[in-house]
Structure formats: structure tokens, C-alpha cells
Amino acid sequence: MGTAERQEALEDGVAARSTAQRRREAPDRDIPADGGTTRGGGEARRDSGEPTADEPRSARPAAQQQEYYRPLWIEEPARRRRLPDPVRTAAVRAVIIIAVTLMQATVAFLCTLAGSWLAFPMVISSVVSTVVATWGALDVWVTRQTWNQRNGVVSEPSSTARALRRERRRAQRQARSSERAQERIARKSGAGQLSHS
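Please read all numbers here as calculations on a predicted model, not as lab measurements.

A. Region of interest: the overall build of the protein. Scanning the protein for helices and strands turns up six helices and zero strands. Secondary structure of the protein in N-to-C order comes out as α-α-α-α-α-α. For the protein, the proportion of its 197 residues judged to be buried stands at 19%. Of the contacts made within the protein by residues no fewer than 6 positions apart, 46% connect residues no fewer than 24 positions apart.

Okay, here's the thing in C-alpha cells:
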């Protein structure tokens with residue numbers, strides 16, 4: 001065993017020990033697949049921020065402080081708000097119908113090329129499915145518009161939501177005024193009973 005081979009064996013042993021120690025300290029830290037045992041190890045370890053055996057002991061804690069935990073994922077805020085439940089249901093239904101229609105059209109085309117007896121029924125069914133898919137797409141649009149109007153997202157003078165809010169406020173006002181009137185009547189009738197006694 002020559003001097004160069006001994007040096008490589010020594011470096012591999014040091015690298016394996018430091019990798020095992022790092023795994024014990026932080027098992028989720030980013031460690032290279034080969035365990036950091038690259039040939040010509042001194043340069044590779046210097047690039048990765050790991051101190052070598054030649055460096056003084058005081059440099060090791062500073063290098064360990066430079067290492068950081070890399071998160072598995074980064075949460076980003078949603079770019080758009082979530083669709084309302086009725087609109088999302090209509091959209092899912094429309095996507096499923098359109099997917100089935102496309103499959104039927106593909107099968108009809110292949111059956112026509114093959115000269116199969118199944119070509120005619122598949123063409124008829126894909127025409128019917130195209131009509132249904134168009135209805136599904138229109139249903140998404142209509143459901144969205146209806147939801148917007150009913151829930152006041154569209155702020156227009158003709159919006160149904162404003163009229164509904166006005167009616168609700170009017171009903172609340174009437175209920176409050178009738179409660180006050182009932183309280184007044186109860187107070188007057190109570191006062192009358194006290195005076196009679």
C-alpha cells in the first residue's frame with residue numbers, strides 16, 4: 001500500500017465519519033448521494049462548506065453555522081380565490097362530459113378507419129355528446145353568473161343582491177319597530193295595572 005493509497009483511505013475514512021456524524025445531528029439535512037466521498041476530496045469538501053482535516057478546529061463551528069435547513073416545499077399564496085361550490089361542481093361535470101365526448105370522437109374516428117360496424121353508433125353518440133358537452137360548458141357560465149348576482153359579487157345598480165339586501169334591511173327595521181311597539185304596549189298595560197291596584 002503506497003503513500004497515495006494511504007492518503008486516499010485516510011480521507012475516505014474522515015469523510016465517512018463526518019457524514020455519519022452529520023446524519024446523527026440532522027438526519028434531514030441535504031447530504032450528497034455518494035456521502036461526500038468524492039476523489040480529490042479536499043476541493044469538493046471546501047466547495048460544499050465542510051471543513052477539511054487540514055483546517056484548524058476554530059474554523060469548523062463557523063462552517064457548521066453556515067449550513068442551513070432547506071425546507072421541503074415553499075407555500076405560496078393562491079393567485080386566485082377558490083371557486084364557489086356550485087360553480088366548481090358544474091365545472092367538474094363539464095370537464096368529465098367533454099373528456100367522454102373526446103374519447104367517443106376518437107373511437108368513432110378509429111372505427112371509421114377500420115371499417116367496423118361500430119363506427120355508425122359511435123358517430124351518432126359523439127354528436128349527442130357534443131351537444132351535451134356544449135350544454136355543460138354553458139351551465140358553468142350560467143351557474144357562475146347566477147352565483148355572482150345572488151351573492152353580491154357583481155356591484156351594479158341592477159344587481160339582485162342589492163335588492164335582496166334592501167328587502168332584508170326593511171324586514172329587520174319592521175321587526176325592530178314592531179318589537180318596540182310591543183314593549184311600549186306592555187309597559188303601558190303594566191302601568192295601568194299598577195294604578196288600578
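B. Structural view of the pattern of salt bridges. Counted by the stated rule, this structure contains three salt bridges. A salt bridge links Asp 85 to Arg 82; the shortest N-O distance between them is 3.7 Å. We classify Asp 85 as partly exposed; its relative accessible area is 48%. Between Arg 93 and Asp 139 there is a salt bridge; the shortest N-O distance is 2.7 Å. Note that Arg 93 is positioned in helix α4 (residues 85–114) and Asp 139 in helix α5 (residues 119–150), a separation of 46 residues in sequence. Of the residues examined, Arg 93 reaches a relative accessible area of 37% and is grouped as partly exposed.

Calculation notes
- Residues numbered from 1 in each chain as written.
- Predicted model: local features only at pLDDT ≥ 70, side-chain atom pairs only at ≥ 80, totals over all residues.
- Heavy atoms only, no water.
- Helix = DSSP H or I, 4+ residues; strand = E, 2+ residues; numbered from the N terminus.
- Buried < 20%, exposed > 50% of the residue type's maximum accessible area, 1.4 Å probe, protein only.
- Contact = heavy atoms within 4.5 Å.
- Salt bridge = Lys/Arg side-chain N within 4 Å of Asp/Glu carboxyl O.

Purely geometric stuff here, so don't read any function into it on its own.
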